[in-house]
Amino acid sequence: MMVNAEKERIAYSHLGRQSREVDSVITRLMASKLEHPELLSLAAGFTDNEILPAKLVQRAVNALGEKAGRGHLQYGTNRGREGLRRAVLDLLRSYPGEGGLELDEDDVLITNGSQQALYIIVQMLCDPGDIVLVERPSYFVFLELLKGMGVRALSLPEDGSGKLDAEALKGFLGRLREEGELERLKLVYLMGTFANPSTRCPGEDEKEALAGILQALERPVPVIEDMAYRELYFEKPAPARSLLSLQSWRGYPVLYLGTFTKPFATGLKVGFVVSPDGHCLETLAKIKGHQDFGTAHFTQAILEWMLLEGLYADHLSMIRRHYAGKARVLEETLVEGGLKEAGWSWESPKGGLLLWAKGPAGTDTRIGSAFHQRCLEKEILYVPGDLCFAEGQPHGFVRLSFGALEASLLPEAGGRFCGAATRAALDGATPRP
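Attention in this report is confined to the structure presented alongside it. (Residues numbered from 1 in each chain as written. Predicted model: local features only at pLDDT ≥ 70, side-chain atom pairs only at ≥ 80, totals over all residues. Heavy atoms only, no water.)

### Focus: unusual backbone geometry
Next up, step 1: Between Arg-136 and Pro-137 the backbone carries a cis peptide bond, its omega angle lying at 5°.
Next up, step 2: With respect to the helices and strands, the residue Pro-137 is situated in the loop between β3 (131-134) and α6 (140-148).
Next up, step 3: Cis peptide bonds are those with omega within 30 degrees of zero, and the linkage from Gln-393 to Pro-394 qualifies with 10°.
Next up, step 4: Turning to its location among the elements, Pro-394 is positioned in the loop between β12 (383-384) and β13 (397-401). (Helix = DSSP H or I, 4+ residues; strand = E, 2+ residues; numbered from the N terminus.)

### So, the side chain of Lys-288
Next up, step 1: If you trace the backbone, Lys-288 turns up in helix α9 (residues 278-292).
Next up, step 2: Side-chain polar atoms of Lys-288 contact the side chain of Gln-116, separated by 3.0 Å.
Next up, step 3: In contact with Lys-288, other than residues within four places in its own chain, are Asn-78, Leu-109, Ile-110, Thr-111, Asn-112, Gln-116, Ile-120, Phe-293, Gly-294 and Thr-295. (Polar contact = N/O pair within 3.5 Å; in protein donor to acceptor, adjacent residues only side chain to side chain. Contact = heavy atoms within 4.5 Å.)

### A few points about the sheet that holds β12
Next up, step 1: Taken together, four strands build an open sheet; the order of strands is β9-β10-β13-β12 and the sheet is antiparallel. A single partner strand is all that each edge strand has here, and the edge strands are β9 (345-346) and β12.
Next up, step 2: As judged from the two bridges shared by β9 and strand β10 (residues 354-358), these two strands associate in the antiparallel manner. Note that in β10 the partner of Trp-346 across the bridge is Ala-357. (Pairing = 2+ DSSP bridges.)

### Considering the packing of helix α11 (residues 312-336) against helix α13 (residues 410-427)
Next up, step 1: The interhelical angle for the contact between α11 and α13, taken along N-to-C directions, is 35°, at an axis separation of 8 Å. Considering how the two elements wind past one another, α11 and α13 form a crossing that is right-handed. Contacts from Lys-326, Val-329, Leu-330, Thr-333 and Leu-334 of α11 reach α13 at Leu-410, Pro-411, Gly-414, Gly-415, Phe-417 and Cys-418.
Next up, step 2: Residues belonging to the contact of α11 with α13 are distributed by class as follows: seven nonpolar, three polar and one charged. (Axes fitted to C-alpha atoms, helices over the stretch in contact; angles between N-to-C directions. Left-handed = near helix turned anticlockwise from the far one by under 90°. Nonpolar A, V, L, I, M, F, W, Y, C, P; charged D, E, K, R; others polar.)

### A closer look at the side chain of Asp-107
Next up, step 1: Along the chain, Asp-107 falls in the loop between α4 (82-93) and β2 (108-111).
Next up, step 2: For Asp-107, which is buried and forms no salt bridge, the nearest opposite charge comes from Arg-79, at a distance of 6.8 Å.
Next up, step 3: Residue contacts for Asp-107: discarding those within four places in its chain leaves Val-273, Val-274, Ser-275, Pro-276 and Leu-281. (Buried < 20%, exposed > 50% of the residue type's maximum accessible area, 1.4 Å probe, protein only. Lys, Arg positive; Asp, Glu negative; His and termini not counted. Salt bridge = Lys/Arg side-chain N within 4 Å of Asp/Glu carboxyl O.)

### Quick word on the pattern of salt bridges
Next up, step 1: In the structure shown here, the tally under the stated rule is 21 salt bridges.
Next up, step 2: Between Lys-288 and Asp-292 there is a salt bridge, with its nearest N and O atoms 2.9 Å apart. Of the two residues, Lys-288 and Asp-292 both sit in helix α9, four residues apart, roughly one turn of that helix.
Next up, step 3: Residue classification places Lys-288 among the buried residues on the basis of a relative accessible area of 0%.
Next up, step 4: Here the salt bridges share partners, and the residues they tie into one network are Asp-130, Arg-184 and Lys-186.

### Quick word on helix α10 (residues 297-308)
Next up, step 1: Over its twelve residues, α10 runs 16 Å from end to end, which matches the ideal 16 Å to within 8%, given 1.5 Å per residue.
Next up, step 2: The element α10 is largely enclosed, with a buried count of ten among its twelve residues.
Next up, step 3: Burial in α10 covers these residues: His-297, Thr-299, Gln-300, Ala-301, Ile-302, Leu-303, Glu-304, Trp-305, Met-306 and Leu-307.
Next up, step 4: Backbone geometry just after α10 places Gly-310 at a positive phi near 75°. (Expected span 1.5 Å × (residues − 1).)

### Considering the pairing of β3
A regular strand places its side chains so that they alternate between the two faces of the sheet.
Next up, step 1: What you see with β3 is no split at all: Ile-131 and Leu-133 on one side and Val-132 and Val-134 on the other are buried throughout.
Next up, step 2: As paired elements, β3 and strand β4 (residues 152-155) share four bridges and run parallel to each other. Note on β4: the bridge partner recorded for Leu-133 is Leu-154.
Next up, step 3: Here β3 runs beside strand β5 (residues 185-191); their pairing, made up of four bridges, is parallel. Across the sheet, the residue bridging to Ile-131 is Leu-185, located in β5.

### Looking at the state of the cysteines
Next up, step 1: Applying the stated criterion to the full structure yields zero disulfides.
Next up, step 2: Here Cys-388 stays free of any disulfide, with the sulfur of Cys-375 as its closest cysteine sulfur at 15 Å.
Next up, step 3: Among the residues examined, Cys-388 registers a relative accessible area of 0% and is labelled buried.
Next up, step 4: No disulfide involves Cys-418; its sulfur sits 10 Å from that of Cys-375, the nearest cysteine.
Next up, step 5: Take Cys-418: its relative accessible area is 4%, and that puts it in the buried class. (Disulfide = S-S within 2.5 Å.)

### A short note on the nonpolar core
Next up, step 1: If you look at the biggest cluster of nonpolar residues, it comprises 139 residues, and the most contacted ones within it are Phe-142, Leu-173, Trp-249, Phe-260, Val-274, Trp-344 and Phe-417.
Next up, step 2: In terms of residues, this core owes the most to one element, α11, which gives eight residues.
Next up, step 3: Contacts of Val-274, omitting those with residues within four sequence positions, involve Val-88, Leu-89, Leu-92, Leu-103, Asp-107, Val-108, Leu-244, Val-254, Leu-255 and Tyr-256. (Core = buried A, V, L, I, M, F, W, Y, C linked by side-chain atoms within 4.5 Å.)

### As for the environment of Glu-218
Next up, step 1: Its location among the elements puts Glu-218 in the loop between α8 (204-215) and β6 (223-226).
Next up, step 2: In this structure, the C-alpha to C-alpha distance between Glu-218 and Leu-42, residues 176 residues apart in sequence, is 44 Å.
Next up, step 3: Setting aside its immediate chain neighbours within four residues, Glu-218 contacts Arg-177 and Leu-182.
Next up, step 4: Within the structure, the side chain of Glu-218 is placed 3.1 Å from the side chain of Arg-177, a separation counted as a polar contact.

These figures capture arrangement, not role.
This is the structure in structure tokens:
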């Protein structure tokens, strides 16, 4: 018997309706890959299978199996393992200028990767129609998350070089006040190191300027500092201290997000929130408790063992060399392929898994554009840059990831992208400079 779809339609909640209206870009990119099996992907922001720490994980599992009791296979606390939370703080204090952090394990919440942390923070602070300020560009998965929750993303003003424009921000906030919208501003989202997608590292001067502006408002607006890529520097750490260590942010609701998925193993799905704001962290823990009772205890135990055994630093040294080499290969391939002569430009990444490139004037890299079609014909995938802007424009950027693809395939992938860009230019889809 056929069911009348209109008559039997489910009565979705606001969140359900909003989520159904948001087209998942990740799903579309995956579908393109499945439809074209020979595609090489410079889109996926995954880590490299070749350097996933299988032996370290096996050592940890063996060591845990030899311990008396089986507590690591039981439920844990909602906040996370106490030993892991202390190890997280030790990790933060190991960075230049962060050694004096006055925090303890009660200031840490272990999450299912930093993505869960992002979701529950927005869930805690925002109602549909509220505003979140983001960088320009910003993490496109976070922008998609906001859309799915009915929350508006607006870009922080920048000065053309990517740095925060403090004076423009003051004017922007003033206009929000005049329009009666300032009370809808609930959150600011920053990527503190090797930002996705720009790979930029904001300086302390920008962080100090933002502190002064936000503290002048009638009420505090919490700030997320997303440090997902902090450990993935190539030669030296990003020089700026985190908001947790800057005096100008003392006493302000700051939520520092970190993760072990990118620098260690994505499949373990362990991240963390660090905040001296006990009220915020307690509220987050309650929301998280409604979802899962706490992050998987076993994966936490694996990471705790690895950190306490002092093996994390050696692992990081190895993967930093690996990703630095892959970044160099991709960039050299793009240069040799004539991409710069064709009018493309980018900053050499100093950390992370990405290269953020800008096409010549008139370039349109959106999904469905002629440029996108040329890339599909060349069997190469990228992330269109418009997805990384709250306003959906400009249209001439691409995010290229060197993380997941095998190193041996990067020259072929880069060559295909250059070939597609050249073909698009000849067709008029990308005018020559």
